[in-house]
Amino acid sequence: MMVSEILKDIIIENANNLFKIKIDKNIKLEIPPSKQMGDFAFPIGFNLSKELKQNPFSIVEKLSDNINSNQNLIKTEPARPGFLNIFLTNDFIKDLVKKNFEKENFDFPKKDRKVIIEFVSANPTGPLHIGHGRWAALGDSIARLLEKVGYDVYREFYVNDAGKQIENLKKTVVALRKGEQIPEDGYRGEYIKEAINEDNPHLYFLDQQKKTLERFNVFFNNFFHETQVYNNITHAIESLKAKGLIYERDGAIWFKSTEYGDDKDRVLIKSDGSYTYFAPDIAYHLTKIERGFDWIIDILGADHHGYVNRLSAAIKALSNREVRFSIIIGQLVNLFRDKEPVRMSKRTGDIITLDEVIDEIGKDALRYILVSKKASQSIDFDIEEVKRKSKSSPVFYIQYAFARINSILSKVGDYNLDTDNFSLDNMNNSERELLIEIIKFKDTIFQAAIDMEPHILANYLLNISGIFHNFYETSRVIDNGIVVEHRLFIIKAVSNVLKEGLKILGIESPEKM
RNA sequence: GUGCCAAUAGCUCAGCUGGAUAGAGCAAUAGCCUUCUAAGCUAUUGGUCAGAGGUUCGAUUCCUCUUUGGCACGCCA
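Computed from a prediction, not measured in an experiment: that's the story for all the values here. (Residues numbered from 1 in each chain as written. Chains lettered and ligands numbered in written order. Predicted model: local features only at pLDDT ≥ 70, side-chain atom pairs only at ≥ 80, totals over all residues. Heavy atoms only, no water.)

Draft legend 1. Representation of the protein's contact with RNA strand B in the model. The environment of RNA strand B is formed by 68 residues, the closest being Phe83, Tyr397, Tyr400, Arg404 and Ser407. Note that a base nitrogen of RNA strand B is positioned 3.0 Å from one of the backbone N or O atoms of aspartate 250. Separating a sugar or linking oxygen of RNA strand B from a side-chain N or O atom of glutamate 385 is a distance of 3.3 Å. For the surface near RNA strand B, the secondary-structure elements that each account for two or more residues are strand E3 (83-88), helix H6 (164-178), strand E8 (252-255), strand E14 (379-382), helix H14 (383-389), helix H15 (394-412) and helix H18 (455-474). Element by element, the count of residues in the surface near RNA strand B is highest for H15, at nine residues. Taken together, the residues that form the surface near RNA strand B break down as 27 nonpolar, 21 polar and 20 charged. (Near = heavy atom within 4 Å. Polar contact = N/O pair within 3.5 Å; in protein donor to acceptor, adjacent residues only side chain to side chain. Helix = DSSP H or I, 4+ residues; strand = E, 2+ residues; numbered from the N terminus. Nonpolar A, V, L, I, M, F, W, Y, C, P; charged D, E, K, R; others polar.)

Draft legend 2. Seen up close, unusual backbone geometry. Following arginine 80, the chain continues into proline 81 via a peptide bond in cis, with omega recorded as 0°. Within the secondary structure layout, proline 81 lies in the loop between strand E2 (74-79) and E3. The phi dihedral of lysine 53 is positive, around 55°, even though this residue is not glycine. Structurally, lysine 53 can be placed in the loop between helix H2 (44-52) and helix H3 (56-70).

Draft legend 3. Broad picture of the sheet that holds E14. Spatially, three strands are ordered E13-E12-E14 in an open sheet, and the strand pairing comes out mixed. The sheet is open, and its two borders are formed by strand E13 (340-342) and E14, each paired with just one other strand. Here the average twist between neighbouring strands, direction ignored, is 40°. Against the sheet, helix H5 (residues 130-148) touches strand E12 (333-337) and E14, its axis set at about 135° to E12. (Pairing = 2+ DSSP bridges. Axes fitted to C-alpha atoms, helices over the stretch in contact; angles between N-to-C directions. Contact = heavy atoms within 4.5 Å.)

Draft legend 4. Looking closely at the sheet that holds strand E9 (residues 266-269). The antiparallel open sheet is built from three strands, whose spatial order is E7-E8-E9. Of all strands in the sheet, those with a lone pairing partner are strand E7 (246-249) and E9, marking the two edges. Taking the axes of each pair of neighbouring strands and ignoring which way they run, one obtains an average angle of 45° across the sheet. Of the pairings in the sheet, the one linking E7 to E8 comprises four bridges and is antiparallel in character. The partner of isoleucine 246 across the bridge, within E8, is phenylalanine 255. Running at roughly 85° to E9, helix H10 (residues 278-290) makes contact with E8 and E9 of the sheet.

Draft legend 5. Quick look at the nonpolar core. Counting 125 residues, the largest nonpolar core has Leu88, Leu366, Phe381 and Ile438 as the members making the most contacts within it. The biggest single contributor to this core is helix H19 (residues 485-504), with 10 residues. Contact partners of leucine 366, with chain neighbours within four places excluded, come to Ile130, Phe216, Leu354, Val357, Ile358, Ile361 and Phe381. If you look at the next biggest cluster of nonpolar residues, it comprises 32 residues, including Tyr307, Leu311, Leu318 and Val323. (Core = buried A, V, L, I, M, F, W, Y, C linked by side-chain atoms within 4.5 Å. Buried < 20%, exposed > 50% of the residue type's maximum accessible area, 1.4 Å probe, protein only.)

Draft legend 6. A look at the domain arrangement of chain A. When the domains of chain A are assigned, the result is domain 1 (3-88), domain 2 (119-220 + 331-388) and domain 3 (394-504). A straight line from the C-alpha centre of domain 2 to that of domain 3 covers 36 Å. Each side of the interface is counted separately: domain 2 has 15 residues, and domain 3 has 18 residues. Here domain 2 meets domain 3 over a buried area of about 1500 Å², counting both sides, of which 74% is carbon and sulfur. Per-residue buried area on domain 2 facing domain 3 is highest for Leu145, Lys148 and Tyr368; these three make up 41% of the total on that side. Taken together, domain 2 and domain 3 are joined by one salt bridge. (Domains from an automatic or database assignment. Buried area = accessible area lost by both parts, 1.4 Å probe. Salt bridge = Lys/Arg side-chain N within 4 Å of Asp/Glu carboxyl O.)

Draft legend 7. Expanded view of the packing of H5 against helix H13 (residues 363-371). H13 packs onto H5 with a crossing angle of 80° between their chain directions and a minimal axis gap of 9 Å. By the criterion of interaxial angle, the relationship of H5 to H13 is roughly perpendicular. Contact residues: H5 offers Ile130, Gly133, Arg134, Ala137, Leu138, Asp140 and Ser141, while H13 offers Leu366, Arg367, Leu370 and Val371. In the contact of H5 with H13, the residues fall into six nonpolar, two polar and three charged. (Parallel < 35°, antiparallel > 145°, perpendicular 65-115°, else oblique.)

Draft legend 8. Looking closely at the packing of aromatic side chains. Using the criterion set out here, one finds 23 aromatic pairs in the structure. Considering the side-chain rings of phenylalanine 119 and phenylalanine 220, the 4.6 Å spacing of their centres and the 35° angle between planes classify their relative orientation as tilted. Residue phenylalanine 119 is found in the loop between strand E4 (114-118) and H5, and its partner phenylalanine 220 is found in the loop between helix H7 (201-215) and strand E6 (222-225); the two are separated by 101 residues along the sequence. Accessibility assignment for this pair places phenylalanine 119 and phenylalanine 220 in one class, buried. Plain terms: the ring middles of phenylalanine 255 and phenylalanine 278 are 6.3 Å apart, the flat faces sit at 40° to each other, and that makes the pair tilted. Here phenylalanine 255, found in strand E8, pairs with phenylalanine 278, found in helix H10; they are 23 residues apart in sequence, far enough to count as distant. Neither residue differs from the other here; phenylalanine 255 and phenylalanine 278 are each classed as buried. Here the aromatic cluster, defined as three or more aromatic residues joined through ring pairs, consists of Phe119, Phe157, Phe220 and Phe223. (Phe/Tyr/Trp six-rings, centres within 6.5 Å; stacked < 30°, edge-to-face > 60°.)

Draft legend 9. Local environment of the environment of isoleucine 491. Tracing the chain through its elements places isoleucine 491 in helix H19. Given a relative accessible area of 0%, isoleucine 491 falls into the buried group. Put simply, isoleucine 491 and isoleucine 296 are 195 residues apart on the chain and 39 Å apart in space, counted from C-alpha to C-alpha. Filtering out sequence-adjacent residues up to four positions away, isoleucine 491 remains in contact with Ile405, Ile408, Leu409, Phe468, Phe471 and Val477.

This is the structure we're talking about:
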């Protein structure tokens, strides 16, 4: 159980009994600005003051007395102007850590919900670039987070292997092979030459993309090819037609997407009889619905945000608004080389590939950079600056904490740690701080998962690592040859937290550095 | 022109559904290795939270306008 839930239950129960009013389960829990004030705090006096017609401080004063006389997990203190500050007792801390963090793979109860998350979905016309890397890192971590909190997660990559760009790619390769000039719509990057002898160059690039993703520690359950869906387009259009959402105008077939919140209707079949890009996309998303997913998540770059309304309209229409649909629009990665902007374009061939950056700074440092910022924030990525700073990357700070713990644990060796043997009384500040931070891990995971924001976890790991390094300086686990049991207990829990956290971010936990 | 995302320390970014003195990493300065890894620790320096209004007991957080930057506005993919 998450500590936030336990605390909320205590507060709500006491407030209900004391004031005889119903209290919202979503009361706000926060962290006080200073440790002396408490481990947690509820600004609950403000919320209740209107309803109870009392001043906020006297409310929390009464509530605090009531709570303190009713249970012994926590001690509370009222604080002006209306906060209820919470201190966990040592026994409660020990119990929480023991229950939740003594072993790895502590899990949340399984939910019976199937989620499909689609990400990367790059065109198979060249290598993945650093922008794709962001979606890869983000999507993979979100998938792992959702899995962690109990969802049944399916990862899918949509391969655009049916459009005009595939034709253009082929033409380019053929022209190169014959030594002719590259056609107007062709691709000009140097990398095209790698596929010069391929009959299906897009399959070559797809294969290359898969290898890149694999070394980036990003895996998919399925690569869904656009060509697979072409037979279903008629079916999709018929489904919309059955709902009265299809009409003909100017010789084209239109989808009445405005009925579901789009700002204008969209063409599905052009007047020349060919499909727009949107048509197979609808058919593809219909398969997601028909494959029985309860929740569809798409991760798209900001350059596709204009697409959100029509896609969302299609899904609402086809699922009768029953399937949950989330689109995460990630802002783009702006590339620089020593402060000079690099315009990435496959047409002109000026790109920085994901492989290149992984080679330069390593998978772990790159994944950390890409996932430590929230998706709605665009990233300025200066390849030269990142290279210079790669050795001081925050990711090593976290990994180093893990390696240090591992080193201690291997020195301790087999040690039969009995949690009944020691008490947590007389803890020093850094020991206590570390324990409180450990306890926050489950809430952090949950928050990051439901918000679909892995950066919350990334920041948490950096923070707890800092607390650990401080602990390391002040508190010896093996002191003059004797194992200090409660410290061993603490570092084992930290080790599990770091390992789990890094795993979710797709980052290694090296035992030595 | 319209819409979407943003603007916080010298740099890169956090700041959870509005709450108590705005944080971290990097960079800079000064210290710390005869006991578990110095990829570490401690201390110091550094912010009119783009600007102006508004809502509120309370605003970096919500609303409006302005400025600046990125992106998108096709019977392209």
